Amino acid sequence: MNSYRGAGNRLAAFLSFVFIALAVLAVALGPRGGPNIAIAIVLVVVALAIPQALMMANQWERAVVLRMGRLQGIKGPGVFWIVPILDRVATWLDQRIQTTEFNAEQALSKDTVPVNIDAVVFWQIHDPERAALEITDYRSGISRVAQTSLREMVGSSLLSTLLSDRKHGDEVLRDEIGRKIADWGVSVLSVEIRDISVPPALQDAMSRQAQAERERLARVLLGQAEQEVAIKFVEAAEIYARSPAALQLRAMNIIYETTKERGATILMPTAMVDAMNPGAVLGLTALAQQLGAAAPPAAPPTGAASA
């Protein structure tokens, strides 16, 4: 707040110095007595009045000027004049975007869980006149309204909703705070919930619950996998039942896959090797098919022959 007043006072101080210098010159260079003394007095009075009349506001600032207790106008930005004694600057307002941090400690949620929430609200003055005349301290008012709205929102929401849907909570707070302070000439741009903390005991319980839920899902997935594997085994068994040669080839492939990487040696009885010899089985099967094709047709019954 003192920066723009300092800038205005520097300009006023310079002009005061100029008028005082002119008064000194008027007294020093002019004849003693006469009008030069009156001119010097006038110049000194003007020099003393300039710091009280000349003001300067930066681009983002507005000055609320009262004349004899009534609103005279909103001044700024830049240099402006006021009437000393009659006018005064009641307050200086900053129209840049500003932030206010607020929190709710041990606020009970809808499911009676105590939580601590930290949030920040971004706001901006859009009507300097109302911000100066409608409320004594708009900064303190915004902080109080934000805390009250946060506690109301926590009390009407479940803990799971607060933790999983912060964006919705931000929007609810922005609308609620904006509605309450709209008459003050202040606009709420956004609200952001920065942190939500719960008691350590509840954190541990929630962690165990999440772990149990994940374990349950893992068991369900494992059971589904076992079911699918069993279905595939049943289908494979049906195929092997229809084709014994396929079962023998599969057995030989299992033995090969078991020994190819580790270089192990497996000793098997000769009878087992002969049983797993698909070539012999296929040869016997082909021979049986040839013999069946070469056999003569069966003789007709005796009764049919006599007829």
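This report concerns the structure included in the present document. The structure presented is a predicted model; accordingly, all values stated were derived computationally and were not measured. (Residues numbered from 1 in each chain as written. Predicted model: local features only at pLDDT ≥ 70, side-chain atom pairs only at ≥ 80, totals over all residues. Heavy atoms only, no water.)

## Regarding the sheet that holds strand β3 (residues 70-75)
Selection criterion: Any two strands between which DSSP finds at least two bridges are classified as paired. In this text, helices come from DSSP runs of H or I with a minimum length of four residues, and strands from runs of E with a minimum of two, each type numbered from the N-terminal end. Under this scheme, a helix contributes an axis fitted over its contacting stretch, all axes are lines through C-alpha atoms, and angles between N-to-C directions fall in the 0 to 180 degree range.
The strand order β3-β2-β5 describes an open sheet built from three strands, whose pairing is antiparallel. The open sheet has two edge strands with one neighbour each: β3 and β5 (87-94). Between one strand and the next, the sheet's axes are offset by a mean angle of 25 degrees, whatever the strand orientation. In this structure, strand β2 (residues 61-67) lies alongside β5, joined through seven bridges in antiparallel fashion. Within the sheet, the bridge partner assigned to Arg67 lies in β5 and is Asp87.

## A short note on the pattern of salt bridges
Just so we agree on the cut-off: Salt bridge, as applied in this entry: a Lys or Arg side-chain nitrogen positioned within 4 Å of an Asp or Glu carboxyl oxygen. In this scheme, a residue with accessible area under 20% of its type's maximum is buried, one over 50% is exposed, and one in between is partly exposed, where area comes from a 1.4 Å probe on protein chains only.
If you walk through the whole model with that rule in mind, you get 10 salt bridges. Between Lys180 and Glu152 there is a salt bridge, with the nearest N and O atoms lying 3.4 Å from each other. Pair noted here: Lys180 is in helix α6 (residues 166-181) and Glu152 is in helix α4 (residues 138-155), with a separation of 28 residues, a long-range link. Between Arg219 and Glu215 there is a salt bridge, and its shortest N-O distance comes to 3.3 Å. Of this pair, Arg219 and Glu215 are both found in helix α7 (residues 200-242), four residues apart, which corresponds to roughly one turn of the helix. Note on Arg219: relative accessible area 61%, which makes it exposed. A relative accessible area of 42% means that Glu215 is categorised as partly exposed. One continuous salt-bridge network, built from bridges that share partners, spans Glu152, Glu176, Arg179 and Lys180.

## Let's talk about α4
Each turn of an α-helix holds 3.6 residues, which means side chains three or four residues apart point in the same direction. We apply this condition: The span you would expect from a helix comes to 1.5 Å times its residue count less one. Pairs of N or O atoms within 3.5 Å make up the polar contacts considered here, provided that, within protein, one atom can donate a hydrogen while the other can accept it, and that residues adjacent in sequence are counted only when both atoms are side-chain atoms.
Given a rise of 1.5 Å per residue, 18 residues ought to cover 26 Å, and the 26 Å separating the end C-alpha atoms of α4 matches this to within 8%. Between the side-chain oxygen at the start of α4 and the backbone nitrogen of Arg139 there is a gap of 3.3 Å, and the oxygen is on Asp137.

## Quick look at a nonpolar patch on the surface
Quick note on the threshold: Exposure above 30% relative accessible area and no salt bridge define the residues that can form patches, which grow by joining like charges within 9 Å and nonpolar side chains of Val, Leu, Ile, Met, Phe, Trp and Tyr within 5 Å. All accessibility values rest on the Shrake-Rupley procedure with a 1.4 Å probe; residue burial counts only the protein chains present in the view.
A contiguous nonpolar surface patch, about 630 Å² in accessible area, is contributed by Phe14, Phe17, Val18, Leu22, Leu25 and Leu29. Among the structural elements, Phe17 can be located in helix α1 (residues 2-29).

## Structural notes on the nonpolar core
Selection rule: Buried residues of nine kinds, namely Ala, Val, Leu, Ile, Met, Phe, Trp, Tyr and Cys, make up a nonpolar core once their side-chain atoms join them within 4.5 Å. Any two residues having at least one pair of non-hydrogen atoms within 4.5 Å are treated as being in contact.
Counting 33 residues, the largest nonpolar core has Phe102, Ile117, Leu150, Ile177 and Ile181 as its most contacted members. Elements that contribute at least two residues to this core include exactly β6 (98-108), β7 (114-125), α4, α5 (159-164), α6 and β8 (186-197). Broken down by element, this core gets its largest block of residues, seven residues, from α4. The contact partners of Ile117, leaving out residues within four places of it in the chain, are Phe102, Asn103, Ala104, Leu150, Val154, Leu162, Ile193, Asp195 and Ile196.

Geometric values such as these leave the question of function open.
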